[in-house]
Amino acid sequence: MKPSDTFCPLPWVHQAIRNNGDVRVCCQANVTPNQGILRKDDGNSYNASRDNLSEAKNVIMIKEIRKNMLAGTWSDECARCKSEEDAGIASRRLNELDQWQFSLQDALDCTSDDGSIDLETKYFDLRFGNICNLACRMCGPTDSHSWYEEWTEFNKTDGFEDTHGYVKLVKNDNGRWMSDQYSWHESKKFWEQMEYKIPFIEHVYMAGGEPLIISQHTYFLERCIELNRADKIVLEYNTNITVLPSRVLELWKQFKQVRIGASVDGFGEMQEYQRWPIKWTHTLKNLQKLDTIARENTNILPHIALTVTAYNAFHLPEFIWWKLMDSKFQKINSMARRPVITHHMAHKPYKMSVQMYPESIRNKLIKSYDSWIKKFNDSTLPDNVKEASVNILKSVLMFMQLENHSEVIKEFVDLTVYLDKKRNQDIKTLVPELGELFEE
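Residues numbered from 1 in each chain as written. Predicted model: local features only at pLDDT ≥ 70, side-chain atom pairs only at ≥ 80, totals over all residues. Heavy atoms only, no water.

### Details of the overall build of the protein chain
Going by this rule: Helix and strand assignments come from DSSP, with helices taken as H or I runs of at least 4 residues and strands as E runs of at least 2, each series counted from the N terminus. Only the C-alpha atoms count toward the radius of gyration. The rule for a globule is 2.2 Å times the residue count to the power 0.38. Summary of the burial criterion: residues with accessible area below 20% of their type's maximum are buried, those above 50% are exposed, and those between are partly exposed, where the area comes from a 1.4 Å probe applied to protein chains only. For this analysis, residues touch if any pair of their heavy atoms sits within 4.5 Å.
Looking only at helices and strands, the protein chain features 17 helices and 12 strands. Here the C-alpha atoms of the protein chain give a radius of gyration of 22 Å, agreeing with the 22 Å that 2.2 N^0.38 yields for 440 residues. With respect to the three principal axes, the spread of C-alpha positions in the protein chain is 55 × 55 × 45 Å. Counting only residues that meet the buried cut, the protein chain has 57% of its 440 residues in that class. A sequence separation of at least 24 residues applies to 71% of the contacts in the protein chain between residues at least 6 apart.

### Digging into the packing of helix α13 (residues 316–325) against helix α15 (residues 383–400)
This is how it is decided: For helices, the axis comes from a line fit to the C-alpha atoms of the stretch in contact; other axes are also lines fit to C-alpha atoms, and the angle between any two N-to-C directions lies between 0 and 180 degrees. Angular relationships are summarised with four words: roughly parallel below 35 degrees, roughly antiparallel beyond 145, roughly perpendicular across 65 to 115, and oblique for the angles in between. Take the far helix as the reference: if the near one is turned anticlockwise from it by less than a right angle, the crossing is left-handed, and if turned clockwise, right-handed. The residue classification treats Ala, Val, Leu, Ile, Met, Phe, Trp, Tyr, Cys and Pro as nonpolar and Asp, Glu, Lys and Arg as charged. All others, Gly included, are polar.
α15 packs onto α13 with a crossing angle of 160 degrees between their chain directions and a minimal axis gap of 11 Å. Classed by the angle they form, the pair α13 and α15 counts as roughly antiparallel. Taken as a pair, α13 and α15 cross one another with a handedness that is right-handed. Contacts between α13 and α15 pair Leu-316, Pro-317, Ile-320 and Leu-324 from the former with Val-385, Ser-389, Ile-392, Leu-393 and Val-396 from the latter. Among the residues making up the contact of α13 with α15, the classes are represented as eight nonpolar, one polar and no charged.

### Examining the side chain of Glu-84
Structurally, the position occupied by Glu-84 is in helix α4 (residues 79–86). Of the residues examined, Glu-84 reaches a relative accessible area of 5% and is grouped as buried. Contacts of Glu-84, omitting those with residues within four sequence positions, involve Gln-28, Ile-89, Ser-91, Arg-92 and His-347.

### Points about the packing of aromatic side chains
For clarity, the cut-off: For this analysis, a ring pair means two rings from Phe, Tyr or Trp (six-membered ring only for Trp) whose centres lie within 6.5 Å, classed as stacked if their planes differ by under 30 degrees, edge-to-face if by over 60, and tilted for the remaining angles. Cation placement over rings: the criterion is NZ of Lys or CZ of Arg within 6 Å of the ring centroid and within 35° of the ring normal.
Under the defined criterion, the tally for this structure stands at 29 aromatic pairs. We note Arg-137 situated over the ring of Tyr-311; from NZ or CZ to the ring centre the distance is 5.4 Å. The aromatic ring of Trp-321 is capped on one face by Lys-375, whose charged end is 4.5 Å from the ring centroid.

### Regarding the packing of helix α8 (residues 188–197) against helix α9 (residues 215–226)
Orientation of α8 relative to α9, taken along the N-to-C sense of each, is 30 degrees, at an axis distance of 11 Å. On the basis of the axis angle, α8 is roughly parallel to α9. Crossing geometry of α8 relative to α9 is assigned as right-handed. Where α8 approaches α9, its residues Trp-191, Met-194 and Glu-195 are matched on the opposing element by Gln-216, Tyr-219, Phe-220 and Arg-223. Residues of the contact of α8 with α9, tallied by class, amount to four nonpolar, one polar and two charged.

Dropping the structure here:
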């Protein structure tokens with residue numbers, strides 16, 4: 001394999017911080033055994049609340065990843081991108097190659113024999129804690145504190161594992177489970193480092209918790225503006241768009257570009273099912289508002305970021321059709337490189353992935369998608385949109401067939417039955433194609 005087949009600019013230009021403050025290679029590595037965490041010689045993780053971020057850029061693991069990329073070898077931490085490319089999906093690696101004017105030759109020129117570099121970070125992935133107002137089906141307590149109650153009840157436990165160890169929850173005076181282990185972004189040491197780093201930043205990605213309800217997110221935007229850097233920075237979000245704060249909307253106008261990935265996984269009941277307890281009417285209202293804002297501010301580029309799971313895979317073609325034919329959006333996914341939607345496959349936990357499907361349900365999905373592919377091809381949509389829509393469906397089928405994890409069907413069924421009862425929902429009615437899994 002050639003270096004150009006494995007090279008990604010991220011290990012050179014980028015630094016990612018998890019919800020708990022642990023520093024990692026990138027968010028894609030979250031599905032690997034080590035979850036991409038950069039560790040010290042004693043095994044402890046580097047954490048943005050207490051450690052030197054520049055030092056974390058040259059730990060052994062990331063140096064090895066750089067060397068592997070330059071040698072044309074896939075690293076274990078890059079397994080998600082490899083599997084997506086094997087399925088014909090545009091992986092994070094391929095997208096970043098399009099984004100950055102940082103070539104393989106640039107990497108060769110600035111990388112020492114041991115894999116170390118001496119570069120300022122241009123691109124940050126910042127997850128300011130786990131405060132979130134939703135408890136999405138494919139999510140969990142490390143990403144949303146709204147999961148605490150159901151997590152502890154279903155798993156009969158008082159906590160959960162994260163990359164920094166076991167998180168023990170405690171009940172507050174109101175009897176609600178709480179944790180103080182996701183407040184790393186309040187660290188004075190972190191913000192002292194960022195004061196130095198902001199002048200070098202070109203791109204910042206922020207995701208859940210829900211960034212638009214976290215005060216440190218707003219503070220960060222304000223500091224970028226105060227340091228006269230905003231007009232040189234691209235902001236990128238993955239947000240559930242339950243809120244669009246007026247203060248944030250005003251701040252966005254001062255940035256070079258704002259790319260907003262709206263986490264919408266279907267329309268109607270499907271969106272409400274997967275991203276509980278949101279209401280579709282509220283989602284649609286904010287999508288329409290976002291579309292209007294983008295028409296008025298050319299630096300704001302919204303798109304739909306849909307997560308394909310075992311729950312909504314059968315709904316995906318219908319949602320694409322709705323977005324193209326009925327939504328009336330003018331700016332959402334209007335860019336040439338994103339003419340339909342932007343989809344991401346749920347990789348882990350396996351019980352949330354389409355790779356969990358048994359053969360009988362896989363055959364149902366193939367049959368359904370074949371019918372939809374014919375419908376798209378026979379439509380009056382522009383040829384590039386037809387092709388993009390069909391490729392999305394084909395990539396889901398290819399990903400599904402890369403692996404078989406039907407061994408976790410019982411885990412899927414048990415959790416689904418529990419959540420359906422707690423949330424007064426019913427997957428058998430919403431997605432009857434999955435009904436056979438619950439017959440026992």
